[in-house]
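# Fold and geometry: a report
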Amino acid sequence: MRVLNYLELEDRLDRSGISTSVAHQRAALSRADADVSYVTTPWYDGDVVLAGINRLVDGQGMTEFDVAHCNLIGPGSAFVARQAKKKDIPLVLHAHVTAEDFAESFRGSTYLAGPLRRYLRWFYSQADLVLCPSEYTRRTLEEYPIDAPIRSITNGIDLDSMAGHEQFREEYRDRYDLEGMVVFAVGSVFERKGLTTFCEVARNTDYDFAWFGEYDSGLLASRTVRKWTKNPPENVTFTGWIEDKRGAFAAGDVFFFPSKVENQGLVVLEAMAAGKAVVIRDIPVFREYYEDGHDCLLCSTREEFENALDRLEEDPDLRARLGENAKETAREHSLDRVAEELTDAYREVTTH
C-alpha cells in the first residue's frame, strides 16, 4: 500500500504543532508493516511546476498512490481531495484544524471562526474517513455536522526527541536568567493558549516564568499578545523562537499550560515525556487523556493555578511523583501506537 501523506505548505509550517504531528505520522509509518510505504508530495516528480508541464505532455500530473491522507485544509489539499474522489482513491482527511481552536489565535481569527466552520463542514465531509486527535475533537466535528466517518487517533510523541534534554539546563537557565522553581510554557504565544492567565498568575506569584516560543508583534498579532509581550510582568520572560526545544524542557521545572481549547495539545505530551510536573486547565480534552493528581494537576481558576504552583514548590516529592507518572502516560502515546492506528485506518478505507 502506497500512501500519500501530504502536508500543504510544509516548508512554512515547520514550527507548528501540525508539522510535528505529521512528522510523527511519517516516523510511525517508517516503523509500520513492510507493505505500507508513503510519499509526501502529490506532484509528479515532486515538483508542482514539472507536474503541470508533464500533465500537458502526457496527462500525468500527479504521482501514484493508493490512499490520499491530507493534513491541511488549503487549496492544495482541496485539489488532492478532488482528484482522489475523481479517481476513486480512498481519501483520509486529518482534522488538525477546527473553528474552535482557530479562534483567539491571531488578529481577527475569532471573527473568521464562523465562516471557517462552514468551510470545514464541507471540506471534511468529502473524506472516506476523518482522523482527529481526540474524542473531544470527534464530538466537536459531529456537531458541525461532518458527513463522514470520524475516528480519533493520538498525535503521539517521539520519545527520542526529548532524549538528553537535561544537558541544556544550565545553558538555558543562564541565557534567560532563570532561578528557583521555573514555571514555563512552550509553543507559539496566543491568547487561546492561556496567555492572559499565564501572565496574571505570574504577577501574583514570586516564581520565574518563561514562555519558550515565537510570537507575532506585527499586524497579525492580537491586542492581547502585543499587550503582554511588550509589557510583561517583571518575572515573565518571552524568549521567542529557540533552536532546540529540549532547552526549554531542561530549563523549566513546572510546565504550566492554561490553554482554553486544544484538540490534543502535543506540547503537554512533550513535557510529560521530559518528566515534568504539569499544570493544565481543566478542559474536556485534557480530562480525556490525563488524570488529575496522578500525572498532572487540573485547574479551572487563576486562584487554583496559583495554589497548584505553591503546592509543587512546597512539596518536591509531589513534583517528582507527578513527573514520573507523566513519563508513563507519554509512553502510552508512542509512535508504535500511532503506526498501528494509522495502518488500521488505511486498511479500513481500502477495504470498504
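Residues numbered from 1 in each chain as written. Predicted model: local features only at pLDDT ≥ 70, side-chain atom pairs only at ≥ 80, totals over all residues. Heavy atoms only, no water.

An unreviewed UniProt entry lists the protein under the name Glycosyltransferase, from Halapricum desulfuricans.

## Some words on the sheet that holds strand β4 (residues 91–94)
Note the threshold: Between any two strands, pairing holds if DSSP finds at least two bridges. Per the convention used, a helix needs a DSSP run of H or I reaching at least four residues, while a strand needs a run of E reaching at least two, with both numbered from the N terminus. Helix axes are fitted to C-alpha atoms over the stretch in contact, other axes to C-alpha atoms as well, and angles between N-to-C directions run from 0 to 180 degrees.
One open sheet accounts for six strands, arranged β2-β1-β3-β4-β5-β6; its pairing is parallel. Here the strands that pair on one side only, and so sit at the sheet edges, are β2 (37–39) and β6 (150–152). The average angle at which neighbouring strand axes cross in this sheet is 25°, direction not considered.

## A word on a negative patch on the surface
We apply this condition: Each patch groups residues whose relative accessible area exceeds 30% and which form no salt bridge, using 9 Å between like charges and 5 Å between nonpolar side chains of Val, Leu, Ile, Met, Phe, Trp and Tyr. Each accessible area value is a Shrake-Rupley result obtained with a 1.4 Å probe; residue values ignore everything except the protein chains displayed when judging cover. In what follows, salt bridge is the name for a side-chain nitrogen of Lys or Arg lying within 4 Å of a carboxyl oxygen of Asp or Glu. Residues scored as charged are limited to Lys and Arg (positive) and Asp and Glu (negative), so that His and the chain ends carry no count. The location of each charge is read from NZ of Lys, CZ of Arg, CG of Asp or CD of Glu.
On the surface, a cluster of negative charge is contributed by Glu170, Asp174, Asp177 and Glu179. Mapped onto the elements, Glu179 comes out in the loop between α7 (169–175) and β7 (182–186).

## Some thoughts on the packing of aromatic side chains
Test applied: Two rings from Phe, Tyr or Trp (for Trp, the six-membered ring) form a pair when their centres are within 6.5 Å of each other. A pair whose planes differ by under 30 degrees is stacked, one over 60 is edge-to-face, and the rest are tilted. We call a residue buried when its accessible area falls under 20% of the maximum for its residue type, exposed when it is over 50%, and partly exposed in between, using a 1.4 Å probe and counting protein chains only. Each ring is checked for a lysine NZ or an arginine CZ that lies within 6 Å of its centre and within 35 degrees of its normal; such an atom marks a charge sitting over the ring.
Taken as a whole, this structure holds 21 aromatic pairs when the rule is applied. Judged by centre distance (6.2 Å) and plane angle (80°), the rings of Phe168 and Tyr172 are edge-to-face. Across this residue pair, the class does not change: Phe168 and Tyr172 are buried. Look at Phe184 and Phe249: their rings are 5.9 Å apart centre to centre, the planes differ by 80°, and that puts the pair in the edge-to-face class. Of the two residues, Phe184 is situated in strand β7 and Phe249 in helix α10 (residues 245–251); the sequence distance between them amounts to 65 residues. Among the residues examined, Phe184 registers a relative accessible area of 0% and is labelled buried. Just above the ring of Tyr172 sits the side chain of Arg175; from NZ or CZ to the centre is 4.4 Å.

## A word on the nonpolar core
The following threshold applies: Joining through side-chain atoms within 4.5 Å is the link that ties buried Ala, Val, Leu, Ile, Met, Phe, Trp, Tyr and Cys residues into a set, and such a set is a nonpolar core. A contact between two residues is defined here by any heavy atoms of the two lying within 4.5 Å.
Core analysis: the largest hydrophobic core is formed by 38 residues, its most contacted members being Phe212, Phe255, Val268, Ile280, Phe286 and Tyr290. Sorting the residues of this core by element identifies β7, β8 (208–212), α10, β10 (254–257), α11 (266–273), β11 (277–281), α12 (284–289) and α14 (316–331) as the ones contributing at least two each. Element by element, the count of residues in this core is highest for α11, at six residues. Each residue touching Phe286, except ones within four places of it in the same chain, is listed here: Phe257, Glu262, Gln264, Val268, Ile280, Arg281 and Leu298. Grouped together as the second largest cluster of nonpolar side chains are 36 residues, Ile73, Ala81, Cys132 and Leu141 included.

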